[in-house]
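Here's the letter readout for the chains.
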Amino acid sequence: MRRLMNPRVIGITLGVLALMAVSAYVLKVPLPAIVLPAEPIACIGGHLEPAEHGLHCASGFPFTNSMAATLVADLTIFLVFFFALRNKKLIPSGLQNAVEAVIEWFYTLVEDIAGKENARTFFPIVMTIFTFALFANWWELVPGMDAFGWIVEKHHGDGWARKELFAGVYTLVKEKGHYTLVPWLRTATTDLNVTIAMALIAVAYVQIAGVRFQGWKYFKKFIRPGYMSGGLMATVLDVFVGFLELISELARIVSFSFRLFGNIFAGTVLLFVMPYLIPLFVPLPFYGLEVFVGMIQAFVFAVLTLVFIVMAIISHGEHEGH
Amino acid sequence: MGALTNLGINLNFLITQIIHFLILMWLLKKFVYTPVLNLLDERRRRIEEGLKAAELAREEAARQRAELEKQLEEERRQAQARIAEITRQADQLREQILAEARAEAERIIAAAREEAERERERILQEARKQVAELALVIAQKVVGETLDTQKQHQIIQKFLAGEL
Amino acid sequence: MEGLASGLAMGLGAIGPGIGVGLVVLGALQGIARNPEVAGEIRTNMILGIAFAEAIAIYALVVALLLKFV
């Protein structure tokens with residue numbers, strides 16, 4: 001508490017609050033456009049051109065703002081690990097200590113759930129999911145995310161007016177117009193491609209782990225072993241249960257990807273709307289909430305992956321045995 | 001396909017992200033997890049070793065102390081024995097010296113007594129002789145006659161021999 | 001009408017998971033209150049349980065998003 005009360009911290013806090021007040025009442029920032037798909041901000045081997053909503057690539061491979069945020073998240077991950085592990089010491093301190101504590105905590109968790117002998121095998125995917133999701137989610141909170149980008153003319157629908165700040169640099173203002181902003185950075189996990197990619201890898205890994213530990217016996221859970229042995233009713237039931245297992249595997253992809261996407265996208269929208277409605281003080285608790293949500297979602301994604309892996313590597317027969 | 005496009009799902013982007021995630025996982029595994037986990041194992045091993053070494057050292061110290069105490073006990077016992085021995089010897093010596101002294105004293109006393117006896121004998125002899133002579137002189141005077149010297153001596157001799 | 005439909009889908013779809021999450025946390029907190037030594041383990045499992053209950057709300061979210069944006 002005493003560290004929070006020192007003059008420098010108070011000075012910074014007052015400065016930030018003053019900046020918030022000025023930007024809220026002088027600039028009168030409008031509500032950012034809430035767009036579900038990630039938008040291209042550059043084209044590799046092509047050029048951008050205006051589209052119906054925002055921009056699109058006439059030719060070449062589109063480079064989207066969520067890809068940019070992905071790379072930014074990667075960069076922060078590398079920086080953190082680089083500075084933490086630059087000169088590893090047996091007696092750690094500072095950042096190395098923090099990074100090691102998190103890794104060790106997670107490793108213990110993996111050991112508890114998957115067992116000591118499998119921990120090393122499953123740790124990389126679980127920890128990578130957690131690390132990437134955590135950094136990507138927390139970039140949502142960095143001021144400037146979704147705030148800088150191309151200002152483009154909209155051909156349909158309402159937009160905002162633009163105002164020139166200085167030489168060729170524009171800002172949108174809270175007046176009717178037909179301009180919109182395509183941000184350069186958009187929180188990576190608010191793009192369904194990112195979360196579905198992670199979910200696909202997680203679910204694919206679960207299948208691979210199942211096959212690796214159980215052999216082809218693993219697929220018996222989709223084609224029930226009771227097949228043909230019981231009566232007609234039992235056979236129909238077995239086929240149905242096997243089908244349900246298949247559906248539940250597919251549902252995992254949906255729930256994985258949409259859980260992360262939904263939470264972070266909703267958080268982003270919340271952080272758009274709250275400052276737009278009441279720019280001062282009121283958004284602060286929501287920032288705190290989003291820090292928490294970002295961490296919890298990363299954790300849930302990682303631990304659920306681990307739990308599904310463990311469910312897959314335990315033989316179905318012995319699973320039902322007790 | 002329209003629904004997916006509206007949700008922003010695009011096969012190219014999806015594949016890009018999958019490749020990105022796999023590369024990230026590979027890099028992190030190679031440069032972060034393996035070294036950090038090895039470091040953690042190494043540290044655990046070191047700590048265990050340290051604890052074991054400390055335990056060994058403590059046992060060693062306890063053992064040495066026990067040995068030392070045993071040695072000390074032994075020495076104390078030896079010292080006790082020597083003290084007892086020396087005391088015994090001293091007692092013996094004292095006894096001896098005392099006995100010698102006593103014997104010496106006895107001898108001196110005996111010699112002195114003998115001397116005194118002898119002296120008394122001699123003085124008595126002398127006195128007797130003188131008394132006899134004196135008695136003769138008195139008798140001469142009384143009797144009035146002088147005995148010859150030879151007779152006189154005979155009488156003295158008889159007197160001394162207790163015949164008179 | 002699409003806005004109304006997606007709002008209803010999300011709002012109604014969130015009722016069940018809301019109750020479910022509440023029950024999960026209720027059970028977990030009672031467990032922690034009775035047996036604080038295993039609080040860490042219970043908390044981890046609670047978060048997993050919440051995630052499973054939440055999955056239902058996610059299907060509602062998917063439906064709402066499909067209605068709104070497709």
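Residues numbered from 1 in each chain as written. Chains lettered and ligands numbered in written order. Predicted model: local features only at pLDDT ≥ 70, side-chain atom pairs only at ≥ 80, totals over all residues. Heavy atoms only, no water.

Undergrad: Looking at this structure, I do not really get the overall build of chain C. What am I missing?
TA: Helix and strand content of chain C: three helices and zero strands. Reading chain C from its N end, one meets helices and strands in the order α-α-α. Counting only C-alpha atoms and orienting by the principal axes, one finds that chain C spans roughly 50 × 15 × 10 Å. Looking at the 70 residues of chain C, the share that counts as buried comes to 31%. When the accessible area of chain C is evaluated, it comes to approximately 4100 Å², of which 72% is carbon and sulfur surface. (Helix = DSSP H or I, 4+ residues; strand = E, 2+ residues; numbered from the N terminus. Buried < 20%, exposed > 50% of the residue type's maximum accessible area, 1.4 Å probe, protein only. Areas by Shrake-Rupley, 256 points an atom, 1.4 Å probe, with all protein chains shown as cover.)

Undergrad: Would you mind showing me how to read the overall build of chain B here?
TA: From N to C terminus, chain B includes three helices and zero strands. When its helices and strands are written in sequence order, chain B yields α-α-α. By the compact-globule yardstick of 15 Å for 164 residues, chain B is too spread out, its C-alpha radius of gyration being 64 Å. The principal-axis extents of the C-alpha atoms in chain B amount to approximately 200 × 20 × 20 Å. The buried share among the 164 residues of chain B stands at 14%. Carbon and sulfur atoms make up 58% of the accessible area of chain B, which amounts to about 13300 Å² in all. Charge separation in chain B, taken as the distance between the mean sites of 27 positive and 28 negative side-chain charges, equals 9 Å. (Rg over C-alpha atoms; globule rule 2.2 N^0.38 Å. Lys, Arg positive; Asp, Glu negative; His and termini not counted. Charge placed at Lys NZ, Arg CZ, Asp CG, Glu CD.)

Undergrad: Would you mind showing me how to read the side chain of Thr76 of chain A here?
TA: All names here are of chain A. By the element assignment, Thr76 lies in helix 2 (residues 65–85). Here Thr76 falls in the buried class, since its relative accessible area comes to 19%. At a separation of 3.2 Å, a polar atom in the side chain of Thr76 contacts the side chain of Trp139. In this view, Thr76 contacts Phe135 and Trp139; residues no more than four positions away in its chain are not counted. (Polar contact = N/O pair within 3.5 Å; in protein donor to acceptor, adjacent residues only side chain to side chain. Contact = heavy atoms within 4.5 Å.)

Undergrad: Help me understand unusual backbone geometry in this model?
TA: Glycine aside, residues mostly have negative phi angles, and peptide bonds mostly take the trans form. All names here are of chain A. Phi is positive for Asp146, close to 60°, though the residue is something other than glycine. Positionally, Asp146 belongs in strand 5 (residues 143–146). According to the relative accessible area criterion, Asp146 is buried, its value standing at 12%.

Undergrad: Explain helix 5 (residues 192–214) of chain A here, please?
TA: An α-helix turns once per 3.6 residues; consequently, residues spaced three or four apart project the same way. Residue and element names in this part refer to chain A. For helix 5, built from 23 residues, the straight-helix expectation of 33 Å at 1.5 Å per residue is met to within 8% by its first-to-last C-alpha distance of 32 Å. With 17 of its 23 residues buried, helix 5 lies for the most part within the structure. Immediately beyond the C-terminal end of helix 5, within one or two residues, lies Gly215, with a positive phi of roughly 75°. (Expected span 1.5 Å × (residues − 1).)

Undergrad: Quick question: what am I supposed to make of the packing of aromatic side chains here?
TA: In this description, a pair of aromatic rings is defined by centroid distance and the angle of the planes. All names here are of chain A. For the coordinates displayed, the defined rule picks out 19 aromatic pairs over all chains. Measuring from centroid to centroid gives 6.0 Å for Phe106 and Phe299, while their planes differ by 75°, and the two rings are edge-to-face. You can see Phe106 sitting in helix 3 (residues 94–114) and its partner Phe299 sitting in helix 7 (residues 283–313), a full 193 residues away along the chain. Among the aromatic side chains, those forming a connected cluster through ring pairs are Trp105, Phe106, Phe130 and Phe299. Above the face of the Tyr170 ring, Arg162 is positioned so that its terminal group lies 4.1 Å from the ring centre. Sitting above the plane of the Phe308 ring, Arg252 keeps its charged end 3.8 Å from the centroid. (Phe/Tyr/Trp six-rings, centres within 6.5 Å; stacked < 30°, edge-to-face > 60°. Lys NZ or Arg CZ within 6 Å of the ring centre and 35° of its normal.)

Undergrad: Sorry, what's going on with the interface of chain A and chain B here?
TA: Quite often, the size of an interface is put as the accessible area lost when its parts meet. Listed by partner, the interface residues are 41 residues for chain A and 34 residues for chain B. In total, chain A and chain B occlude about 3400 Å² of area from one another, counting both sides; carbon and sulfur atoms represent 77% of this. When the buried area of chain A at its contact with chain B is split by residue, Leu90, Arg120 and Asn193 of chain A rank highest and sum to 19% of it. Across the contact surface, chain A and chain B share three salt bridges. Here chain A and chain B share 10 residue pairs in polar contact (both at pLDDT 80 or more) between them. Elements with a contribution of two residues or more to the side of chain A that touches chain B: strand 4 (61–64), helix 2, helix 3, helix 4 (119–138) and helix 5 of chain A. Broken down by element, the side of chain A that touches chain B gets its largest block of residues, nine residues, from helix 4 of chain A. (Buried area = accessible area lost by both parts, 1.4 Å probe. Salt bridge = Lys/Arg side-chain N within 4 Å of Asp/Glu carboxyl O.)

Undergrad: Could you clarify how one ought to interpret the pattern of salt bridges in this entry?
TA: Think of it this way: side chains of opposite charge can pair up when their charged atoms draw near. Residue and element names in this part refer to chain B. Considering all chains together, one arrives at 22 salt bridges over all chains under this definition. A salt bridge links Glu104 to Arg107, with the nearest nitrogen and oxygen atoms 2.8 Å apart. In this pair, Glu104 and Arg107 are both assigned in helix 2 (residues 11–143), three residues apart and thus about one turn of the helix distant. In this structure, the salt-bridge partner of Arg120 is Glu117, at a minimum N-O distance of 3.0 Å. Note that Arg120 and Glu117 are positioned in helix 2 at a spacing of three residues, about one turn of the helix.

Undergrad: Would you mind showing me how to read the nonpolar core here?
TA: Among soluble globular proteins, nonpolar side chains are generally buried collectively. Counting 74 residues, the largest nonpolar core has Ile103, Phe106, Phe123, Phe132 and Met198 of chain A as its most contacted members. Within the residue set of this core, elements represented by two or more residues are helix 2, helix 3, helix 4, helix 5, helix 6 (232–277) and helix 7 of chain A, helix 2 of chain B together with helix 3 (39–69) of chain C. Ranked by residues supplied to this core, first place goes to helix 7 of chain A with 16 residues. In this structure Met198 of chain A touches Ile129, Phe132, Ala133, Leu260 and Phe301 of chain A together with Phe21 of chain B, once residues within four positions along its chain are discounted. Counting residues in hydrophobic clusters, the runner-up holds 14 residues, among them Leu192 and Phe261 of chain A together with Ile9 and Leu14 of chain B. (Core = buried A, V, L, I, M, F, W, Y, C linked by side-chain atoms within 4.5 Å.)

Undergrad: Honestly, the environment of Asn263 of chain A in this entry has me stumped. Any pointers?
TA: Checked against the element boundaries, Asn263 of chain A lands in helix 6. Between the C-alpha atoms of Asn263 of chain A and Tyr287 of chain A, which are 24 residues apart in sequence, the distance is 14 Å. Setting aside residues up to four positions removed in sequence, Asn263 of chain A forms contacts with Phe258, Glu290, Val293 and Gln297 of chain A together with Glu54 of chain C. Reaching out from Asn263 of chain A, the side chain makes a polar contact with the backbone oxygen of Arg259 of chain A at a distance of 2.8 Å.

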